[in-house]
Amino acid sequence: MKALDRKLLRDLTLMWSQAITIALVVASGIAGFVGTFSAYEALKNSRAVYYADARFADVFASLKRAPQNLDRQLQQVPGVAQVDTRVQQLVPIDLPDVTDPIIGQLIGLPTQTAQRLNTVELRRGRMVERHRSGVIETMVSEAFARERRLDLGSRLHALVNGKREELLVVGIALSPEYVFAGLAGSPDQKGFGVFWVDHDTLAAAYNMEGAFNHVSLRLAPGGSEAAVIDHLNRLLAPYGTSRAYGRDDQLSDRILSSEISQQRVLGTILPSIFLGVAAFLLHVVLSRQIATQREQIAALKALGYPDLQIAWHYLKLTLLIVLVGLLTGLALGAALGKWFAGLYADVFRFPVLDYQLSPGLALAATGVALAVGVLATINAIRATVSLAPAEAMRPPAPGIYHPMLIERLGVKHWFPAATRMVLRTMERRPFRTLLTVLGIALSMAIVVTGAFWRDATDEILSTQFGLVMRGDVAVALIEATPARVQHELMKLPHVTAAEGSRQVNVRLVNGHRSYHGAIQGRPAEPDLQRVVDLNHQVHRMPAHGLLLTDRLAQRLHLQVGDKVRVEVMEGHRPVIDLPLAGTVSEMMGMSAYMERRALNRLLGEGDVVSQVTVSVARGHEPELLRALKEQPRVLLAASKSVMRANIEEVTAKNVLTMSAILTIFAMVIAVGVVYNSARISLAERAWELASLRVLGFSRAEVSGLLLGELAIEIALAIPLGVVLGYGLSYTIVTLMVTDEFSFPLVILPSTYAFAGLCVVVAGLVSALIVRRRIDTLDLVGVLKTRE
């Protein structure tokens, strides 16, 4: 073994604890990068494979009723390759011994012909057959079957066109249309299920023989989605369609695409921050470590070792540490990625969520880690090896001494001698002190960034279910109904208040910009279903004009006072120009609001409502839900408490799990930064501390000088860490904003306190280790290091 290699092993042995902490910091960054990015690739690739295999459609449209022979005209639309028509209907579902409201999507499935598009994949059991013996056979979506413990042979009931029908489960299935199976974007797998039944049976139940109310189209190569949608809207307008839409507006794909986009941000931004801190730590630690070996470098040069060989020696030291971190990070990242993919499999249902750590991703992680190691230390290595041997043999020149700031201010008598010695050391080397404070502050900022997701999740749930939805049950009606239905619902048992609203599908147009959505008509001063912005301010409904969410106004390039054209997509389809009366910053969705009676006047349909929110006496909600099941005009009764519990069980759990992992990584980085700062300070000041011990200072006094400096640096770093933590969190939240969702930037004092505590604990642990090393300092050996 060469002499330099033996020196390398000796150096690694002496600094083993520092090398391990630096390697763990690198491993945290690499594991975060590999874990989140491989989960992103798994989602993206599984989606592409499943959509292709299942012939997922490109364009969709729902309507009231159209004759089946319209199928031929749809086939002839330019740019269309395939057409699939069917009957589908939302119905209430009743499970034995379950009072929670459940909504089911019944979909007619051809039993005599092959499926054209959106192929349903049978997971267990068999396909449905024709209705017979008073029971409708059904295949159930896999997520709902799992959550409700349904199996082959299970029986349940559905209210089909006002008639209570018994459903027999004969199969468990998946569909590309319902990779994300939720109602209105809510991941409520217990409250929403998809039920495939025989097409002819469902058509007969709704008097839809020879007709359809939903169409899916697949584009031909080179076909224009916009042109097909425009043609489809004109063709289906007489049949009560609200609008045709592409995959971007298909609920399941929209939610899935949003999650993939956010996962890409998480896989890029957070690991970049971690690796940036790792690079900073490597630069600070190894540059100071190399600087302590000036005499050794001089001796090597005097013995004839060329600069390049010495530089390669120290670069190998860096690369070995980075290599350990890289291999650990790759293994941990692959395990994390597989685990993340498993979490996603609970929400997004694919036949196979194919997780693989791709060679390209592993190579990218390797390249990033090596680049971090080289760039972090190359300047320090170059500066040290460029010294002439005679100059390097000398100790560093003593600092230029001058009165300290506290001396110039005339307050030095306020501080004891030991404190003045600590402050003098820090002021003499301001750049080193600044780097140490910055490193500790960054470690605290990363802890804040990893932990604030809990605060944001709590804010979302408390705002949506505490401030926005103040009622207990949201009752969706089968169709728009005169507003007196509110008084009828008030007569039901234990109802204490009722508030009606109206929702109308529209297309909002400003010049060449447009958006398909809905106007929600609310009372002038809503009480049970309110509009609340990010600052918890409640907004009134404008008597004239629209209230839009700020993201929707920005998308349409609208400002308050501008006119927006409203094309109503139902009923007589009037076109109305309305002013933009105001905007509101909401967490979820792109919404348009208007006072309900004003909306009804514009539509000329009288005072009608399509949804009623009710409040219920405490403890009597199950009784009301049972009573609502008997109401023929009620499509769905959604319980706020049930919705919240289901969302917390799925989405919130996943968010909090990822937050916990990020917090652990951040704490590793915090320990690495603080511990290495203390160890390097000890290595740099060993001669001084040994001299003080010889002069009669006690172990406690000598330790106080070094650890006092660390304590002051931590105290300075904590407020800076608060600022940096907020800034990093703001950056991540800003980059994760989508049309559908905006994470609130909420960081509670407890989160800052937790991050500060992590840094303080890391400091205390480091102090104990360093104190032990000071107590066992070899005074003779240390003092021999200088002439």
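(A) Just the overall build of the protein chain, in detail. In terms of helices and strands, the protein chain carries 22 helices and 22 strands. Expressed as a percentage of the 787 residues in the protein chain, the buried residues total 54%. In the protein chain, of all internal contacts separated by at least 6 residues, the share reaching a separation of at least 24 is 82%. Total accessible area on the protein chain is roughly 34,300 Å²; 59% of this is exposed by carbon and sulfur atoms.

(B) Fine view of the pattern of salt bridges. By the definition in use, this model includes 25 salt bridges. Notably, a salt bridge pairs Glu-142 with Arg-349, separated by 2.9 Å at the nearest N-O pair. With a gap of 207 residues between them, Glu-142 in helix H4 (residues 142-147) and Arg-349 in the loop between helix H9 (307-345) and helix H10 (359-385) connect regions that are remote in the sequence. Look at Arg-349 and you get buried, because its relative accessible area is 13%. Note that Asp-527 and Arg-470 form a salt bridge whose closest N and O atoms lie 2.8 Å from each other. Within this pair, whereas Asp-527 is found in the loop between strand E14 (513-522) and strand E15 (531-532), its partner Arg-470 is found in the loop between helix H14 (430-468) and strand E12 (473-482), the two being separated by 57 residues in sequence. Overall, Asp-527 belongs to the partly exposed group, its relative accessible area being 41%.

(C) Fine view of the sheet that holds strand E2 (residues 80-86). Spatial ordering of the open sheet is given by E2-E10-E1-E11, a layout of four strands whose pairing is antiparallel. Sheet topology places E2 and strand E11 (244-246) at the edges, where each strand pairs with a single neighbour. The mean inter-strand angle of the sheet, taken between neighbouring strand axes irrespective of direction, is 25°. Judged from the six bridges that link them, strand E1 (residues 59-67) and strand E10 (residues 211-219) form a sheet pairing that is antiparallel. Following the sheet pairing, Ala-66 is matched in E10 by Phe-212. With respect to the sheet, helix H6 (residues 225-236) is in contact with E1, E2, E10 and E11, its orientation differing from that of E1 by roughly 15°.

(D) The arrangement of unusual backbone geometry in detail. A positive phi angle, close to 50°, is found at Asn-118, a residue other than glycine. Residue placement: Asn-118 occurs in the loop between strand E4 (102-109) and strand E5 (121-125).

(E) Quick peek at the packing of aromatic side chains. Summed over the entire model, instances satisfying the criterion amount to 12 aromatic pairs. For the pair Tyr-51 and Phe-56, a centre-to-centre distance of 4.3 Å together with 45° between the ring planes defines the contact as tilted. On the basis of relative accessibility, which here comes to 5%, the residue Tyr-51 falls in the buried class. In this structure an aromatic cluster arises from ring pairing among Tyr-51, Phe-56, Phe-60 and Tyr-245. Against the face of Phe-754 rests Arg-454, its NZ or CZ located 5.9 Å from the ring centre.

(F) The arrangement of the environment of Gly-672 in detail. One can find Gly-672 in helix H19 (residues 640-694). A residue is classified by how much of its surface remains accessible, and Gly-672, at 0% relative accessible area, is buried. Distance in space between the C-alpha atoms of Gly-672 and Ser-443 is 8.7 Å, their sequence separation being 229 residues.

(G) The arrangement of the environment of Gly-606 in detail. Checked against the element boundaries, Gly-606 lands in the loop between helix H17 (596-603) and strand E21 (608-616). Separated by 590 residues in sequence, Gly-606 and Trp-16 place their C-alpha atoms 80 Å apart.

(H) Representation of helix H18 (residues 621-628) within the structure. Within H18, burial applies to Glu-621, Leu-624, Leu-625, Ala-627 and Leu-628. The arc that holds the buried residues of H18, viewed along the axis, is 160°, so those residues lie on one side.

(I) Structural detail: the nonpolar core. Counting residues in each nonpolar core, the largest one holds 122 residues, and the members touching the most others are Ile-30, Leu-43, Leu-256, Phe-348, Phe-350 and Trp-453. Top element by residues in this core is helix H2 (residues 16-53). It accounts for 16 residues. Aside from chain neighbours lying at most four places away, what touches Leu-256 is Leu-43, Arg-47, Tyr-51, Val-179, Phe-348 and Phe-350. Of all hydrophobic cores here, the second largest spans 25 residues; its members include Val-87, Val-98, Leu-156 and Val-160.

(J) How the structure looks around the environment of Ala-54. By the element assignment, Ala-54 lies in the loop between H2 and E1. A relative accessible area of 5% means that Ala-54 is categorised as buried. Once the C-alpha coordinates of Ala-54 and Pro-430 are considered, the two residues, 376 residues apart in sequence, prove to be 64 Å apart. Each residue touching Ala-54, except ones within four places of it in the same chain, is listed here: Leu-117, Asn-118, Thr-119 and Pro-176.

(K) Local environment of the pairing of E2. Burial runs high along E2: five of the seven residues are buried. Two strands pair when backbone bridges link them, and E2 and E10 are joined in this way by six bridges, in the antiparallel orientation. Looking at the pairing, Val-83 lines up with Leu-217 of E10.

(L) Region of interest: the side chain of Ser-38. By the secondary structure assignment, Ser-38 is in helix H2. Residue classification places Ser-38 among the buried positions, given a relative accessible area of 0%. At a separation of 2.5 Å, a polar atom in the side chain of Ser-38 contacts the main-chain carbonyl oxygen of Val-34. Leaving out residues up to four positions away in the same chain, Ser-38 has contacts with Phe-33, Gly-333, Gly-337, Tyr-355, Leu-357 and Leu-361.

(M) The arrangement of H17 in detail. Along H17, the residues that are buried comprise Arg-596, Ala-598, Leu-599, Asn-600 and Leu-603. Packed against the buried residues of H17 are helix H15 (485-490), strand E13 (495-510), E14, strand E18 (563-568), strand E20 (592-595) and E21. Capping of H17 at its N-terminal end is provided by Glu-595; its side-chain oxygen lies 3.1 Å from the backbone amide nitrogen of Arg-597.

(N) Just the confidence of the model for the protein chain, in detail. Per-residue confidence for the protein chain gives a mean pLDDT of 83; residues scoring 70 or more make up 92%. Mean pLDDT values for the elements of the protein chain range from 62 in helix H22 (residues 779-783) up to 94 in E10.

(O) Looking closely at the packing of H14 against helix H20 (residues 699-735). Where H14 contacts H20, the two axes come as close as 5 Å, and the packing angle between them is 45°. If you check the angle between H14 and H20, you find them oblique. Here H14 and H20 pass one another in a crossing that is right-handed. Across the contact of H14 with H20, the residue classes break down as 20 nonpolar, six polar and three charged.

(P) Spatial organisation of the side chain of His-539. With respect to the helices and strands, His-539 occurs in strand E16 (residues 538-539). On the accessibility criterion, His-539 (17% relative accessible area) is buried. When residues no more than four places from it in sequence are discounted, the contact partners of His-539 are Val-531, Asp-533, Leu-547, Thr-583 and Val-584.

(Q) Spotlight on the packing of H2 against H9. Where H2 contacts H9, the two axes come as close as 6 Å, and the packing angle between them is 35°. In this structure, the crossing between H2 and H9 has a hand that is right-handed. When its residues are assigned to classes, the contact of H2 with H9 shows 20 nonpolar, eight polar and no charged.

(R) Quick peek at the pairing of strand E8 (residues 163-174). Among the 12 residues that make up E8, nine are buried, leaving the element largely enclosed by the rest of the structure. In this sheet, E8 lies alongside E5 in antiparallel orientation, the contact comprising four bridges. By the bridge assignment, Arg-124 is partnered in E8 with Ile-172. Pairing between strand E7 (residues 155-160) and E8: six bridges, direction antiparallel. What sits directly across from Val-160, in E8, is Lys-163. Adjacent in sequence and paired antiparallel, E7 and E8 are bridged by two residues, among which Asn-161 carries a positive phi angle near 55°.

Analysis parameters
- Residues numbered from 1 in each chain as written.
- Predicted model: local features only at pLDDT ≥ 70, side-chain atom pairs only at ≥ 80, totals over all residues.
- Heavy atoms only, no water.
- Helix = DSSP H or I, 4+ residues; strand = E, 2+ residues; numbered from the N terminus.
- Buried < 20%, exposed > 50% of the residue type's maximum accessible area, 1.4 Å probe, protein only.
- Contact = heavy atoms within 4.5 Å.
- Areas by Shrake-Rupley, 256 points an atom, 1.4 Å probe, with all protein chains shown as cover.
- Salt bridge = Lys/Arg side-chain N within 4 Å of Asp/Glu carboxyl O.
- Pairing = 2+ DSSP bridges.
- Axes fitted to C-alpha atoms, helices over the stretch in contact; angles between N-to-C directions.
- Phe/Tyr/Trp six-rings, centres within 6.5 Å; stacked < 30°, edge-to-face > 60°.
- Lys NZ or Arg CZ within 6 Å of the ring centre and 35° of its normal.
- Arc of directions from axis to C-beta.
- Core = buried A, V, L, I, M, F, W, Y, C linked by side-chain atoms within 4.5 Å.
- Polar contact = N/O pair within 3.5 Å; in protein donor to acceptor, adjacent residues only side chain to side chain.
- pLDDT = per-residue confidence, 0-100.
- Parallel < 35°, antiparallel > 145°, perpendicular 65-115°, else oblique.
- Left-handed = near helix turned anticlockwise from the far one by under 90°.
- Nonpolar A, V, L, I, M, F, W, Y, C, P; charged D, E, K, R; others polar.

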